[in-house]
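Here's the letter readout for the chains.
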Amino acid sequence: MSIKRSNFNGLNYVNMLMDVIYEDVTDIYEAMMDEDFESMNNTIDSLISLLKETKDIHQDETDRL
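Residues numbered from 1 in each chain as written. Predicted model: local features only at pLDDT ≥ 70, side-chain atom pairs only at ≥ 80, totals over all residues. Heavy atoms only, no water.

Draft legend 1. Examining the overall build of the protein chain more closely. Each helix and strand counted, the protein chain has two helices and zero strands in total. Counting all 65 residues of the protein chain, 23% fall into the buried class. Across the protein chain, the fraction of contacts at a sequence separation of at least 24, relative to all contacts at a separation of at least 6, is 52%. With an accessible surface of roughly 5000 Å², the protein chain has 54% of that area assigned to carbon and sulfur atoms. (Helix = DSSP H or I, 4+ residues; strand = E, 2+ residues; numbered from the N terminus. Buried < 20%, exposed > 50% of the residue type's maximum accessible area, 1.4 Å probe, protein only. Contact = heavy atoms within 4.5 Å. Areas by Shrake-Rupley, 256 points an atom, 1.4 Å probe, with all protein chains shown as cover.)

Draft legend 2. Main features of the nonpolar core. With ten residues, the main nonpolar core is built from Tyr13, Leu17, Val20, Ile21, Ile28, Ala31, Met40, Leu47, Leu50 and Ile57. Those elements that place two or more of their residues in this core are helix H1 (11–34) and helix H2 (37–64). In terms of residue count, the dominant contributor to this core is H1 (six residues). (Core = buried A, V, L, I, M, F, W, Y, C linked by side-chain atoms within 4.5 Å.)

Draft legend 3. Just the side chain of Asp24, in detail. Within the secondary structure, Asp24 sits in helix H1. Ignoring any residue separated from it by four or fewer positions in sequence, one finds Asp24 in contact with Thr43, Ser46 and Leu47.

Draft legend 4. Main features of unusual backbone geometry. In the Ramachandran plot, Glu35 falls in the positive-phi region, its phi being about 55 degrees despite a non-glycine side chain. Mapped onto the elements of the fold, Glu35 is located in the loop between H1 and H2. Overall, the relative accessible area of 59% leaves Glu35 in the exposed class.

Draft legend 5. Layout of the side chain of Thr43. Examined against the element boundaries, Thr43 turns out to sit in helix H2. The residues contacting Thr43, other than those within four sequence positions of it, are Asp24, Asp27 and Ile28.

Draft legend 6. Main features of a negative patch on the surface. There is a patch of like negative charges on the surface, built from Asp19, Glu23, Asp27, Glu30, Asp34, Glu35, Asp36 and Glu38. Per-element tally for the negative patch: the top contributor is H1, with five residues. (Patch = residues over 30% accessible without salt bridge, like charges linked within 9 Å, V, L, I, M, F, W, Y side chains within 5 Å. Salt bridge = Lys/Arg side-chain N within 4 Å of Asp/Glu carboxyl O. Lys, Arg positive; Asp, Glu negative; His and termini not counted. Charge placed at Lys NZ, Arg CZ, Asp CG, Glu CD.)

Draft legend 7. Spatial organisation of H1. Between its first and last C-alpha, H1 extends 34 Å over 24 residues, near the 34 Å set by a 1.5 Å rise per residue. Of all the residues in H1, the buried ones are Tyr13, Leu17, Val20, Ile21, Asp24, Ile28 and Ala31. A positive phi of about 55 degrees marks Glu35, the residue just after H1. (Expected span 1.5 Å × (residues − 1).)

These results come straight from atomic positions and should not be treated as a statement about function.
This is the structure:
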């Protein structure tokens, strides 16, 4: 799940982001327990993408200040 820039409004944004991160980490853990490495790798890629998007959003916000 991608979090859109328009949702960038403080506490709600942080809560949504943490929910998505928690879901991804839980999926990674479950995939490891099930030895479903393809699913685990896909979820890790998704999490990395989300973190990169988040970094870009915060960089854009910092640059505007």
